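# Observations on the model geometry
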Amino acid sequence: MVCEKKITRSYQQKLSKAERKKFRALMWEFRRDPSSLTAEEKVKLAALFERLPELQKLYELRVEFKRIFDETRDRAEADMALTAWIVKLLETFPEMDKAFVKTYDHWQEEILNYFDGRHTSGPVEGINNKARVITKRAYGLKSALS
């Protein structure tokens with residue numbers, strides 16, 4: 001996420017090489033699902049948020065976004081929840097209007113379609129990604145026989 005990188009890069013510039021390594025390790029707790037964190041990992045995450053309060057706001061928005069997709073049961077409820085979430089996002093990080101909001105506006109119909117039947121294009125995207133990797137690895141080969 002753009003905000004995460006912006007927040008963490010400015011902080012990392014002030015750290016020594018050893019401190020940057022420790023900081024990068026803390027970011028794993030930031031990216032994981034809060035329900036899967038141990039008590040020790042939650043303490044580490046709280047320490048991270050003490051140093052970077054903006055990161056905590058971003059974390060809470062991410063957790064709420066995931067909750068909307070996990071728990072919302074119909075399209076209308078999802079539309080209202082996502083709209084409220086976007087308002088919160090823009091209040092907290094106004095610079096996100098360029099990135100996230102434009103993407104959401106463009107793909108809103110398709111995103112909300114997920115809530116009708118809970119179908120995703122994940123498997124197809126995975127196959128497409130594997131095809132791209134194979135194509136890149138095979139770059140320069142003239143034929144399958146050479």
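Residues numbered from 1 in each chain as written. Predicted model: local features only at pLDDT ≥ 70, side-chain atom pairs only at ≥ 80, totals over all residues. Heavy atoms only, no water.

On average, residues of the protein carry a pLDDT of 87, and 93% of them reach 70 or more. Ranking the elements of the protein by mean pLDDT puts helix 1 (residues 2–12) last with 73 and helix 5 (residues 75–92) first with 94. (pLDDT = per-residue confidence, 0-100. Helix = DSSP H or I, 4+ residues; strand = E, 2+ residues; numbered from the N terminus.)

On to the packing of aromatic side chains. Applying the stated criterion across every chain yields a total of eleven aromatic pairs. Pairing phenylalanine 69 with tyrosine 114 gives two aromatic rings, centres 5.7 Å apart and planes at 40°, and the pair type is tilted. With phenylalanine 69 in helix 4 (residues 53–71) and tyrosine 114 in helix 6 (residues 100–117), this residue pair connects regions lying 45 residues apart in the sequence. There is no split in this pair, since phenylalanine 69 and tyrosine 114 are both buried. Their ring planes at 80° and their centres at 5.2 Å tell us that tyrosine 114 and phenylalanine 115 sit as a pair that is edge-to-face. Just as tyrosine 114 is buried, phenylalanine 115 falls in that class too. Stacked on the ring of phenylalanine 30, the Lys or Arg arginine 62 has its end atom at 6.0 Å from the ring centre. (Phe/Tyr/Trp six-rings, centres within 6.5 Å; stacked < 30°, edge-to-face > 60°. Buried < 20%, exposed > 50% of the residue type's maximum accessible area, 1.4 Å probe, protein only. Lys NZ or Arg CZ within 6 Å of the ring centre and 35° of its normal.)

According to the stated counting rule, one finds seven salt bridges in the structure shown. Here arginine 75 ties to glutamate 109 by a salt bridge, and the two come within 2.6 Å at their closest N and O atoms. Of this pair, arginine 75 sits in helix 5 while glutamate 109 sits in helix 6, and the two are 34 residues apart along the sequence. Each of Arg75, Glu109 and Asp116 takes part in a single network of salt bridges with overlapping partners. (Salt bridge = Lys/Arg side-chain N within 4 Å of Asp/Glu carboxyl O.)

Glancing now at the nonpolar core. In terms of nonpolar packing, the biggest core is built from 30 residues, with Phe30, Leu48, Leu55 and Phe115 touching the most fellow members. Top element by residues in this core is helix 4. It accounts for six residues. (Core = buried A, V, L, I, M, F, W, Y, C linked by side-chain atoms within 4.5 Å.)

Attention shifts here to helix 5. Counted at 1.5 Å a residue, the expected span for helix 5 with its 18 residues is 26 Å, and the 25 Å between its end C-alpha atoms agrees. Of the positions making up helix 5, those classed as buried are Ala78, Leu82, Trp85, Ile86 and Leu89. Considered in projection along helix 5, the buried side chains sweep an arc of 105° and stay on one side of the axis. Turned more than 90 degrees away from the buried face of helix 5, the exposed residues are Ala76, Met80 and Glu91. Looking at the buried residues of helix 5, the elements they touch are helix 4 and helix 6. (Expected span 1.5 Å × (residues − 1). Arc of directions from axis to C-beta. Contact = heavy atoms within 4.5 Å.)

In this section: the packing of helix 2 (residues 17–31) against helix 3 (residues 39–51). Close contact between helix 2 and helix 3 brings their axes to 9 Å; oriented N to C, the two are set at 110°. Classified by the angle their axes make, helix 2 and helix 3 are roughly perpendicular. In the packing of helix 2 onto helix 3, the handedness of the crossing is left-handed. Counted together, Phe23, Leu26, Met27, Glu29 and Phe30 of helix 2 and Glu41, Lys44, Leu45, Leu48, Phe49 and Arg51 of helix 3 form the full contact between these two elements. (Axes fitted to C-alpha atoms, helices over the stretch in contact; angles between N-to-C directions. Parallel < 35°, antiparallel > 145°, perpendicular 65-115°, else oblique. Left-handed = near helix turned anticlockwise from the far one by under 90°.)

Running from N to C, helix 3 and helix 4 cross one another at 125°; their axes reach a closest spacing of 5 Å. When the axis of helix 3 is compared with that of helix 4, the two are oblique. Mapping the contact onto sequence places Leu45, Leu48, Phe49, Glu50 and Arg51 in helix 3 and Pro53, Leu55, Gln56 and Tyr59 in helix 4. Here the residues of the contact of helix 3 with helix 4 are counted per class, giving six nonpolar, one polar and two charged. (Nonpolar A, V, L, I, M, F, W, Y, C, P; charged D, E, K, R; others polar.)

To continue, consider the side chain of glutamine 12. Here glutamine 12 shows up in helix 1. For glutamine 12, the contacting residues outside a window of four places in its chain are Arg20, Phe23 and Arg24.

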